[in-house]
Amino acid sequence: QVQLVESGGGLVQPGGSLRLSCAASGTIFSPNTMGWYRQAPGKQRELVAASLNGGSTNYADSVKGRFTISRDNAKRMVYLQMNNLEPEDTAVYYCNLATRLRDYWGKGTLVTVSS
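Calculation criteria
Residues numbered from 1 in each chain as written. Predicted model: local features only at pLDDT ≥ 70, side-chain atom pairs only at ≥ 80, totals over all residues. Heavy atoms only, no water. Pairing = 2+ DSSP bridges. Helix = DSSP H or I, 4+ residues; strand = E, 2+ residues; numbered from the N terminus. Axes fitted to C-alpha atoms, helices over the stretch in contact; angles between N-to-C directions. Salt bridge = Lys/Arg side-chain N within 4 Å of Asp/Glu carboxyl O. Contact = heavy atoms within 4.5 Å.

**Student:** What is the right way to look at the sheet that holds strand β7 (residues 67–72) in this model?
**Tutor:** The strands that make up a sheet are held in pairs by hydrogen bonds between backbone atoms, and each pair lies either parallel or antiparallel. If you walk across this open sheet you meet the four strands as β1-β3-β8-β7, and the pairing is antiparallel. Two strands bound the open sheet, and with one partner strand each, they are β1 (3–7) and β7. Neighbour to neighbour, the strand axes of the sheet diverge by 15 degrees on average, direction disregarded. Strand direction decides the pairing type here: β7 and strand β8 (residues 77–82), joined by six bridges, are antiparallel. Bridge pairing links Ser 70 to Tyr 79 in β8.

**Student:** Help me understand the pattern of salt bridges in this model?
**Tutor:** Oppositely charged side chains may form a pair once their charged atoms are brought near each other. Taken as a whole and judged by the stated rule, the model has five salt bridges. Note that Arg 38 and Glu 46 form a salt bridge whose closest N and O atoms lie 2.8 Å from each other. Close ionic contact of Asp 61 with Lys 64 constitutes a salt bridge, the shortest N to O distance being 3.1 Å. It is possible to trace a salt-bridge network through shared partners that takes in Arg 38, Glu 46, Arg 66, Glu 86 and Asp 89.

**Student:** What is the right way to read the environment of Asn 53 from this model?
**Tutor:** If you trace the backbone, Asn 53 turns up in the loop between β5 (46–52) and β6 (57–59). Here the alpha-carbon distance between Asn 53 and Asn 73, two residues 20 residues apart in the chain, equals 8.4 Å. If sequence neighbours within four positions are ignored, Asn 53 has contacts with Ser 30, Pro 31, Asn 32, Arg 71 and Asn 73.

See below:
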């Protein structure tokens with residue numbers, strides 16, 4: 001059973017930074033993609049950033065140049081460095097692990113960008 005646990009959310013002022021972390025445990029099959037999604041109030045969940053086993057990454061247009069995803073396979077961790085945060089980035093951020101068999105989700109961590 002795979003478990004994903006996010007941490008690092010909180011309240012930050014516009015222009016500030018946060019680093020989200022996600023720890024994965026259990027039996028994890030490769031290849032896989034680890035990523036971050038977010039869901040703002042009243043909106044659908046959307047992809048923020050993803051990192052494939054082989055190292056390639058992709059980002060939502062709205063976060064390109066501001067957010068950076070990284071992963072440490074040995075530690076089973078994935079990170080999301082978020083810089084120059086905007087109020088529109090306010091959302092619950094979810095860690096995702098996608099394998100050929102199924103997707104796994106964390107419970108989410110709240111990021112609030114407000115002055």
